[in-house]
Amino acid sequence: QVQLVESGGGLVQAGGSLRLSCVDSGPTFGNYAMGWFRQAPGKERTFVAGISAYGGRSYDVDSVKDRFTIYREHAKNTLYLQMNSLKPEDTAVYYCAARRAGLIVDINTSGYDYWGQGTQVTVSS
């Protein structure tokens with residue numbers, strides 16, 4: 001059973017940094033592709049970054065280029081999103097997601113099988 005629990009969100013000033021974590025309590029973390037998505041009020045949930053089971057990374061380049069880094073620690077069953085140079089437009093609820101098809105990162109929410117409950121990130125100007 002996959003259970004994803006995010007943490008690390010909070011309130012930060014523009015230009016600041018946060019690191020989000022997502023812990024998977026199940027035994028199959030290493031086999032899954034993982035993704036970070038975000039949803040701002042009144043908007044759809046959109047792809048931020050993803051990483052395959054073997055470490056291949058993808059980003060929504062337009063929104064997070066050179067500012068966000070996704071990585072995973074298999075020994076800790078944990079996915080991370082390091083967010084630097086945060087902007088007010090990064091304000092959203094951030095969700096981690098797991099995909100059983102572990103070789104490929106999907107940018108669509110429909111491609112993921114499990115979701116966390118989300119963590120709020122608020123960036124003040």
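Residues numbered from 1 in each chain as written. Predicted model: local features only at pLDDT ≥ 70, side-chain atom pairs only at ≥ 80, totals over all residues. Heavy atoms only, no water.

A word on the nonpolar core
Here is step 1 of the chain: Met-34, Trp-36, Leu-79, Leu-81, Met-83 and Tyr-94 are the most contacted members of the largest nonpolar core, which has 26 residues in total.
Here is step 2 of the chain: Put simply, the parts of the chain that give this core at least two residues each are strand S3 (18-24), strand S4 (33-39), strand S5 (46-51), strand S7 (68-73), strand S8 (78-83), strand S9 (92-99) and strand S11 (119-124).
Here is step 3 of the chain: Element by element, the count of residues in this core is highest for S9, at four residues.
Here is step 4 of the chain: Apart from residues no more than four positions distant in its own chain, Met-83 is found in contact with Gly-16, Ser-17, Leu-18, Leu-20, Arg-67, Phe-68, Tyr-94 and Val-121. (Core = buried A, V, L, I, M, F, W, Y, C linked by side-chain atoms within 4.5 Å. Buried < 20%, exposed > 50% of the residue type's maximum accessible area, 1.4 Å probe, protein only. Helix = DSSP H or I, 4+ residues; strand = E, 2+ residues; numbered from the N terminus. Contact = heavy atoms within 4.5 Å.)

Considering the state of the cysteines
Here is step 1 of the chain: Going through the model one piece at a time under the given rule, you end up with one disulfide.
Here is step 2 of the chain: Paired by a disulfide, Cys-22 and Cys-96 hold their sulfur atoms 2.0 Å apart. Looking down the S-S bond of the Cys-22 and Cys-96 bridge, the torsion is 45 degrees, so its handedness is right-handed. Within this pair, whereas Cys-22 is found in strand S3, its partner Cys-96 is found in strand S9, the two being separated by 74 residues in sequence. (Disulfide = S-S within 2.5 Å.)

Quick look at unusual backbone geometry
Here is step 1 of the chain: At Asp-66, a position not held by glycine, the phi torsion is positive, near 65 degrees.
Here is step 2 of the chain: A relative accessible area of 71% means that Asp-66 is categorised as exposed.
Here is step 3 of the chain: At Asn-77, a position not held by glycine, the phi torsion is positive, near 50 degrees.
Here is step 4 of the chain: The class for Asn-77 is partly exposed, based on a relative accessible area of 21%.

Things to note about the sheet that holds S3
Here is step 1 of the chain: The antiparallel open sheet is built from four strands, whose spatial order is S1-S3-S8-S7. Edge strands, defined here as strands with exactly one partner in the open sheet, are strand S1 (4-7) and S7. Taking each pair of neighbouring strands and ignoring which way they run, the sheet shows an average axis angle of 15 degrees.
Here is step 2 of the chain: Alignment of S3 against S8, held across six bridges, turns out to be antiparallel. What sits directly across from Leu-20, in S8, is Leu-81. (Pairing = 2+ DSSP bridges. Axes fitted to C-alpha atoms, helices over the stretch in contact; angles between N-to-C directions.)

Shape is all these values report; function is a separate question.
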